[in-house]
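What follows is the residue order along each chain.
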There are 4 protein chains.
Amino acid sequence: MKAVVYKGPYKLAVENVSRSKIQHPNDAIVKITTTAICGSDLHMYEGRTAAQPGIVFGHENLGVIEEIGPGVSSLKVGDRVVMPFNIGCGHCRNCVEGHTGFCMNVNPGFAGGAYGYVAMGPYMGGQAEYLRVPYADFNALKLPDGNSFEKDFVLLSDIFPTGWQGVMQSGFKPGDTVAVFGAGPVGLMAVYSAKLCGASKIYSVDRVKARLDKAKSIGAIPVNFDEGDPAKQIIDHTDGEGVDRGVDAVGYQATSNGKEVPNTVLMSLVKAVRPTGGIGIPGLYVPSDPGASDDEAKLGMLRFPIGKLFEKGITMSGGQCNVKRYNRYLRDLIISGVAKPSFVVSHEIKIEDAPEAYQKFDKRIDGYTKVLIHPQM
Amino acid sequence: MKAVVYKGPYKLAVENVSRSKIQHPNDAIVKITTTAICGSDLHMYEGRTAAQPGIVFGHENLGVIEEIGPGVSSLKVGDRVVMPFNIGCGHCRNCVEGHTGFCMNVNPGFAGGAYGYVAMGPYMGGQAEYLRVPYADFNALKLPDGNSFEKDFVLLSDIFPTGWQGVMQSGFKPGDTVAVFGAGPVGLMAVYSAKLCGASKIYSVDRVKARLDKAKSIGAIPVNFDEGDPAKQIIDHTDGEGVDRGVDAVGYQATSNGKEVPNTVLMSLVKAVRPTGGIGIPGLYVPSDPGASDDEAKLGMLRFPIGKLFEKGITMSGGQCNVKRYNRYLRDLIISGVAKPSFVVSHEIKIEDAPEAYQKFDKRIDGYTKVLIHPQM
Amino acid sequence: MKAVVYKGPYKLAVENVSRSKIQHPNDAIVKITTTAICGSDLHMYEGRTAAQPGIVFGHENLGVIEEIGPGVSSLKVGDRVVMPFNIGCGHCRNCVEGHTGFCMNVNPGFAGGAYGYVAMGPYMGGQAEYLRVPYADFNALKLPDGNSFEKDFVLLSDIFPTGWQGVMQSGFKPGDTVAVFGAGPVGLMAVYSAKLCGASKIYSVDRVKARLDKAKSIGAIPVNFDEGDPAKQIIDHTDGEGVDRGVDAVGYQATSNGKEVPNTVLMSLVKAVRPTGGIGIPGLYVPSDPGASDDEAKLGMLRFPIGKLFEKGITMSGGQCNVKRYNRYLRDLIISGVAKPSFVVSHEIKIEDAPEAYQKFDKRIDGYTKVLIHPQM
Amino acid sequence: MKAVVYKGPYKLAVENVSRSKIQHPNDAIVKITTTAICGSDLHMYEGRTAAQPGIVFGHENLGVIEEIGPGVSSLKVGDRVVMPFNIGCGHCRNCVEGHTGFCMNVNPGFAGGAYGYVAMGPYMGGQAEYLRVPYADFNALKLPDGNSFEKDFVLLSDIFPTGWQGVMQSGFKPGDTVAVFGAGPVGLMAVYSAKLCGASKIYSVDRVKARLDKAKSIGAIPVNFDEGDPAKQIIDHTDGEGVDRGVDAVGYQATSNGKEVPNTVLMSLVKAVRPTGGIGIPGLYVPSDPGASDDEAKLGMLRFPIGKLFEKGITMSGGQCNVKRYNRYLRDLIISGVAKPSFVVSHEIKIEDAPEAYQKFDKRIDGYTKVLIHPQM
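Residues numbered from 1 in each chain as written. Chains lettered and ligands numbered in written order. Predicted model: local features only at pLDDT ≥ 70, side-chain atom pairs only at ≥ 80, totals over all residues. Heavy atoms only, no water.

The final tally for this structure, using the stated rule, is 120 salt bridges over all chains. Shared partners join several salt bridges into a network, and the residues in it are R93(A), E97(A), E241(B), D244(B) and R274(B). (Salt bridge = Lys/Arg side-chain N within 4 Å of Asp/Glu carboxyl O.)

This is the structure:
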């Protein structure tokens, strides 16, 4: 089968690899109809991780069941399904309690597994014609037959729930005000989620006009951090009070004045969020960043305003999204017409065009922001 | 009236000051029968704050209503009451939502006010014969008449709820395992609270044998951090898994190998807490610490393992205790005989002996750990 | 001052009564600019309660502060404010914990007080030129100066938060499906609230076409219970599964086939809600209903499908709305333009026209559904 | 293998039946070392259900894995395990959200399945030498090897978590007061759970002195309902306020003055619980009770004080226990020595003695309250 294979920094190839097959009674094989390129794929692509050549990328996957193992009981061949990017066993303590991003079984020695990602277990990615889905009853979410909402549903695998969880982790309640830092795909999904859940005001912080325009078009108040301290802008706009909730949809590769300042978003959030408020962190922070500028940042240690956080009584919560906790509900919002997250999709391509799409997406050129690959096309 | 007055670093005097009086219709004057010295009083005593000479100390106060303003409707002269250390107006957004440690009205320009504390508003402390209590209906908790449980009830003003909230902020559920760093009065109260609420295992981390013995006597497993990395000890003792919940009852004056290392407890907690767990922080972190060893620590900025926190999906919550949210329930646990927190009390003294007690408590000599002052004695 | 005075069943008069004045240091006098007639006023109007002649009606009140007592600290003359229909002291256990509809102090012997309502305490209603507001700091919510959103803001006193709480009490989470029984003002507010908070599907059950049309216009799926068992219609429409959440916005005066069947809505909800779901009850049930058809119903005892409720593991929660828990957030949703609940308002009148409006509203003629009175007009 | 087989009302036999075997890749076969007789087994035993002869009883099961299917991944032969009485698939919406008592897959057409119980699916019970456990990874909880705590651990299958959930469903918080109606095994477990979780006062209501003595010995205040209205006794004892939380551990076979009055406990609870409180219902109510005294009770419809419930703003929650949500934590409380629920066990027998034990337990003679069967003895 054809698959997008990592060959080394900035090098990808579409190659023929041996077709995914059932390895365990609870496996299913899914024929991928749509799979997306994620911003986090770029970390590997750029060679900033320990990823070794040979990895098949792709953790945002949607398709049709081609084959099931004899242990699978709730799915049948022909079912259309979308998979969370994280893989869970469904019966460890974390999975059972809804922390499906922190499965204790699928990736021994680590809490959490995923498709096609370095250090997330031996699972091939879905930027390929077929995908093996372990514990398929648990990891595959059924979709209506056909190809309706294909572009929306594929976003259930990662970015829509990831943005949504960022809002929830901030302690959000309807009527709250929210500031979302970062207006990339996850940030936009966070803005959109806050909107869907009844935020009274949403600030979207970025420096790219096109992104801010997009955020504004879905109901956010744009804040351009090139035009001044974003926390101050937000505080001024809220009559000095600050926002109830903050969402960091940027992570450790945050920039300020054109250079990487990994703690800049966290600094701003602790400043912009009002006393007793909360911060949700869907943006990635890593415990090992060899490319960081100082020795402690290399270990994921950043200067953090803990004194201010304490003084203001702010709660902070982060981590990989537990996709499965939300995807069913977000699917239903899509089906009922309430949510239509595909507005973030910029390109749809054949699998052969994946290497070029990575290149352009990595350079943020030609409007590449969210690319969908259709491997059967 | 007699009062404990701050005269400058390491200098206190018991002096006659003008007696507290009603200043507002909602005030009450309380004749103090018991007031306690708090570890946080030492920050001022040692001159490590901006406290100016003249402050009357004392934020852990219990007594009998001597006089009420015409607006007070639920209290009468003669009622025995205990006051949360924080003062709330009862009608701002934070007070109304239970964040009574972050009142927006009683200390203009800051979220939160308290008795007898620098920067916490113009409120005289209760290490004196009388205390003015603003918004008395809101800030005074009624106790049974007489002098039963006096030593227990006075702890409702601060350390019992503070330890309790530390456990709650960690996301604690009955059956969870908990590690409490620090076995001073607040740490012991956190251990005791976890015990009362059904923890399955409680680790108490300190280096002072007497403290660890006390913790053990109320059900904790002692961990001496002089005998090796406390996080490692805890992880080993939990078969490699770590604890569900962590409580930092130390704060920014944490030490390691005999010197102040302000982030050492937070580092240990992020290591010792299992993925998807939570951390509660009753220990004080300040946004301004002129005595700190480096420029960023002076601003309350510490190196923090945000990468690891994110990877493990840990939630963190800190801040001053919202005493009023808990004191009613803890009072009832005392009355019914379920809780008896006074085991932490080491000394009871007359107000005239306060300066000596501060001195000994500051030096941690002669067993001074929790001192009660009886100003009417 | 002019006021709407109850003279006996179906008899109201606009009379001059002595003007409201400060009685306690924490009182404020509000000059009423808008006050609404509530469906629950009709219970008194129709003589189905123990209300005695002389009561001034009106618990949905908005106006401008005319005078404040010396204990009031956060309000000033000229502030525009809206009051929850329930009166709270702000410092009893229930008020402090957010159960402001169940104040233990303002109406001795009963948990809860209100303006202008039988058995809810000695508080004159606001269908008058002026209103005395006890514990004004706690009971008055500040609004922007001027007269913007007047028609929306007055709904913050009762029906908007009442519908909203009905949804919250059902255990609602974004993405859930909801069935709201009753499409009167409260039912419409429940539908609207569910919509604002991200429901995936909302069923609105009624028999009046105009109401169902209104519900449909704000996003609901109309279910006419004259066209068949509403629970069955809902179950069929959800592929046999039922809804996640149910809201009873009808109460004990429910009808079926043209006659009063007080338990019919509860029966339908237990049937229509899926196993593990929840039911919120903003609709009024009373423990004493002299006009009921059987002896037990007179005592508020109804046949209830407890066996089915248990089998399905459904949670049920009801009671008067704790308006203060929500009004600040709903106000902000109105100010930011997210919510515009005034679509339910049918008429605006001078106080002199109140008796006629009651008469028409009671008969549900001429489109009278939600009437606003402007006493200063 | 030997098994306890239902032969008809009041008739049981220990017979040889064909040995349980693997039927699906996710099955395990457990060699039962301890299984308990439950009060709910008596419903079938007495012929008050639709149970047909041939059913093997037993839903409280503990043993050692004898054999596993090829899909089972977290268990191995020789593991000691205890099973929740309810069977879940682990991947339906209800299981995934923690409502494991309401699985949508294991018992088609009904939400929930169990071992050895009429209408709960085709699953043989564990009062036998061996038991087939479907979805074994999900349904078997690992225990330490050996036979430590055998009498405590077997109670993890049902009554300990059932009593515990009753307390949780009431909305319990530490410091609350609780009234538990019924001091049979489940009621005692509810009292014990409230104690473990920090209740300030616990009332245990029953009429049997031995039961009340037992409740008192674990910290409850006994209330004998033969000595007067139990709600009134509780209200008087709480200075007129009532309790925060109520637990109904009796269910529909409640009695008053010696005859069955199915709604008597619910009536008492709505009276005894204070405004804004909560009620948890672990006691069984059924939607079909052919033996009931009136036509509506036969359908599980009881007169219920909905008017009073509404007036007091009480929340109510019931249903089968989601054992899996709690059993891990309760196991850890047993292992750490905090909990020792086996104090309720009255008898331990060989399987051959089961028919006699049922007879005596049904008659409540010779102290039979909680009987453990050891099929391998």
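Superposing the two chain copies requires a rotation about an axis and a translation along that axis. Superposition record for chain D on chain B: RMSD 0.0 Å, screw rotation 180°, translation along axis 0.0 Å. Taken together, the turn and the small shift mark the pair as related by a two-fold rotation axis. Distance from the rotation axis, computed per C-alpha, reaches its smallest value in chain D at C197(D): 2.2 Å. Mapped onto chain B, 100% of the interface residues of chain D are again interface residues, and the two copies thus contact each other with one and the same surface. (Least-squares fit on C-alpha atoms with pLDDT ≥ 70 in both. Contact = heavy atoms within 4.5 Å.)

As a further point, take the sheet that holds strand β11 (residues 201-206) of chain D. Across the sheet, 12 strands lie side by side as β12(C)-β11(C)-β10(C)-β13(C)-β16(C)-β18(C)-β18(D)-β16(D)-β13(D)-β10(D)-β11(D)-β12(D); this open sheet has mixed pairing. Bordering the open sheet on either side are β12 (221-224) of chain C together with β12 (221-224) of chain D, each of which pairs with just one other strand. Going from strand to strand, the sheet's axes swing by 20° on average, the running direction of each strand aside. Sheet topology note: the strand β11 (residues 201-206) of chain C/β12(C) ladder contains 4 bridges and is parallel. From the neighbouring strand, S204(C) faces β12(C), where its bridge partner is P222(C). Along the sheet, helix α9 (residues 264-272) of chain C contacts β10 (177-181), β13 (243-248) and β16 (273-281) of chain C; its crossing angle with β16(C), the most-contacted strand, is approximately 145°. (Pairing = 2+ DSSP bridges. Helix = DSSP H or I, 4+ residues; strand = E, 2+ residues; numbered from the N terminus. Axes fitted to C-alpha atoms, helices over the stretch in contact; angles between N-to-C directions.)

Moving on to the interface of chain B and chain A. Quite often, the size of an interface is put as the accessible area lost when its parts meet. With 46 residues of chain B at the contact, the number on the chain A side is 46 residues. Summing both sides of the interface, chain B and chain A together bury roughly 3,900 Å²; the carbon and sulfur share of this comes to 61%. Contact with chain A buries area across many residues of chain B, yet R303(B), I306(B) and F310(B) alone supply 21% of it, more than any other trio. For the pair chain B and chain A, the interface holds 8 salt bridges. For R303(B), the salt bridge is made with D294(A), and the minimal N-O distance between the two is 3.5 Å. When residues in the side of chain B that touches chain A are grouped by element, the largest group, 7 residues, is from helix α11 (residues 306-312) of chain B. Of the residues belonging to the side of chain B that touches chain A, the class tally is 22 nonpolar, 13 polar and 11 charged. Across 3 bridges, the pairing between strand β18 (residues 315-318) of chain A and strand β18 (residues 315-318) of chain B is antiparallel. Looking at the pairing, T315(A) lines up with S317(B) of β18(B). (Buried area = accessible area lost by both parts, 1.4 Å probe. Nonpolar A, V, L, I, M, F, W, Y, C, P; charged D, E, K, R; others polar.)

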